Amino acid sequence: MRTIIAIDGPAASGKSTVAHELAARLFYAHVNSGAFYRAFTWWVLRAKADPTSVEEAAAVLERTKLSSRFEGNEGILLLDDVDPTPHVRDDAVTHAVSFIARMLPVREALTTHLRSLAEERDLVMEGRDIGSFVFPDTPYKFYIDASPEVRRARRQAQGHHDEIATRDRIDSSRAYAPLTIAEDAHMIDSTHLTIDGVVGEVIGLLKLLGLSMPAR
Ligand code: CDP
């Protein structure tokens, strides 16, 4: 098992940009676990199944071959060998993903794939339950938050229609691996920080925790 840096947080907290930048600076691979949930959601919608029905989603899961691999520095999920990347940020996917992500069979299947990526590479993995559930034993856990106003504004600036408050509510209240702050996670409030500021803070903490940094 390799080194895992877990970055969790609510929608539009800035964790994706931070996770990307951190992976690039450390020469680690990057995995956006939200993209895995988005990928399977797209697949369910494409199959014309109801994304709020666990029976229908489980039937799609059953007949799909899931596999994960690295595309350059990025860990991705393939569905019957199809790369879903061009579709994962579609508004329809954003709208449905939290319903799919609260289903136990889906979480079990995707968590297995997320964990298997750590057999191959050192990872920066971002999501909702990475420090609390997927890799609870990693000593490198961060929880990035920002005020609801700033998060809404960030998402609007990206030009996406996204009910982030609704998603946060569903993600935080679900029964299996909800969005939660792991007891031993380092909290960073990015409301008044730039991306560089957050990355700097994370790197500072990683050094304090004894993680060796690549030579410049
Ligand atoms: O849009 P944003 O970047 O905030 O979210 P995302 O990371 O793309 O995740 C999309 C959705 O996937 C979340 O709202 C959760 O419902 C789900 N998710 C999850 O349940 N567990 C994870 N580890 C990551 C994402």
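Our structure's up above, just so we're on the same page.
Residue indices begin from 1 for each chain and proceed along its sequence in written order. Residue-level local features of this predicted model are given only where pLDDT is at least 70; pairs of side-chain atoms are given and counted only at 80 or more, and the full residue set underlies all totals for whole chains, interfaces and linings. To obtain the side-chain values, all non-hydrogen atoms of the structure were used and water was disregarded.

**Some words on the overall build of the protein**
Part 1: Helix and strand definitions here come from DSSP, where helices need a minimum of 4 consecutive H or I residues and strands a minimum of 2 consecutive E residues; each element is numbered from the N-terminal end. When its secondary structure is counted, the protein shows nine helices and seven strands.
Part 2: Between the two quantities, the radius of gyration covers C-alpha atoms and the globule rule is 2.2 Å times the number of residues to the power 0.38. For 216 residues, the compact-globule formula gives about 17 Å, and the C-alpha radius of gyration of the protein, at 17 Å, lands near that figure.
Part 3: By residue count, 50% of the 216 residues in the protein fall in the buried class.
Part 4: Contact between two residues is taken to exist if any of their heavy atoms lie within 4.5 Å; hydrogens are not considered. Here the analysis covers contacts within the protein between residues at least 6 apart in sequence; of these, 75% occur between residues at least 24 apart. Each residue gets one of three labels from its accessible area relative to the maximum for its type: buried under 20%, exposed over 50%, partly exposed in between, using a 1.4 Å probe on protein chains only.

**Some remarks on the environment of Ser13**
Part 1: As for its position among the elements, Ser13 is in the loop between strand 1 (4-8) and helix 1 (15-26).
Part 2: Distance from Ser13 to Glu201, taken between C-alpha atoms, is 15 Å for residues 188 residues apart in sequence.
Part 3: Apart from residues no more than four positions distant in its own chain, Ser13 is found in contact with Ile144, Asp145, Ala146, Arg151, Arg154 and Ser190.
Part 4: Within the structure, the side chain of Ser13 is placed 3.0 Å from the backbone oxygen of Pro10, a separation counted as a polar contact.
Part 5: Whenever a nitrogen or oxygen atom comes within 3.5 Å of another N or O atom, the pair is scored as a polar contact, on the condition that within protein one atom can donate a hydrogen and the other can accept it, and that pairs from neighbouring residues in sequence are kept only if both atoms are in side chains. A distance of 3.3 Å separates a polar atom in the side chain of Ser13 from the backbone oxygen of Ile144.

**What about the site of the ligand?**
Part 1: Neighbouring the ligand are 21 residues; Arg38, Asp129, Arg167, Asp171 and Arg174 lie closest to it.
Part 2: Contact between the ligand and Arg38: an oxygen atom at 2.6 Å from a side-chain N or O atom of the residue.
Part 3: Ser98 has a polar side-chain atom sitting 3.0 Å from an oxygen atom of the ligand.
Part 4: If the ligand stood free it would expose 530 Å²; the protein chains cover 99% of that surface.
Part 5: Counting residues per element, the ones that place at least two in the shell around the ligand are helix 2 (33-46), helix 4 (91-101) and helix 8 (164-173). By convention in this text, a residue qualifies as near a molecule or strand provided that one of its non-hydrogen atoms is within 4 Å of it. Surface accessibility follows the Shrake-Rupley procedure with a 1.4 Å probe radius. Residue values consider only the protein chains on display as shielding.

**A short note on the packing of helix 1 against helix 9 (residues 195-208)**
Part 1: For every element, the axis is a line fit to its C-alpha atoms; helices are fit only across the contacting stretch, and the angle between N-to-C directions ranges from 0 to 180 degrees. At a minimum axis separation of 10 Å, helix 1 and helix 9 run at an interaxial angle of 55°. Between helix 1 and helix 9, the angle is such that the two are oblique. When the axes of helix 1 and helix 9 are compared, the crossing they make is right-handed. Between helix 1 and helix 9, the contacting residues are Thr17, Val18, Glu21, Leu22, Arg25 and Leu26 on the first element and Ile195, Asp196, Val198, Val199, Val202, Ile203 and Leu206 on the second.
Part 2: Gly falls in the polar group here, along with every residue not listed as nonpolar (Ala, Val, Leu, Ile, Met, Phe, Trp, Tyr, Cys, Pro) or charged (Asp, Glu, Lys, Arg). Residue composition of the contact of helix 1 with helix 9, grouped by class: nine nonpolar, one polar and three charged. Throughout, the term roughly parallel applies to angles under 35 degrees, roughly antiparallel to angles over 145, roughly perpendicular to angles from 65 to 115, and oblique to all others. Left-handed describes a crossing whose near helix is turned anticlockwise from the far helix by less than a right angle; the clockwise case is right-handed.

**Let's talk about the packing of helix 3 (residues 54-62) against helix 5 (residues 104-117)**
Axes are the key here: two packed helices are described by the angle between their axes and the distance separating the axes.
Part 1: Close contact between helix 3 and helix 5 brings their axes to 9 Å; oriented N to C, the two are set at 30°. In terms of orientation, helix 3 lies roughly parallel with respect to helix 5. Residue-level inspection shows Val54, Ala58 and Leu61 of helix 3 in contact with helix 5, the latter providing Pro105, Val106 and Ala109.
Part 2: Taken together, the residues of the contact of helix 3 with helix 5 break down into six nonpolar, no polar and no charged.

These figures capture arrangement, not role.
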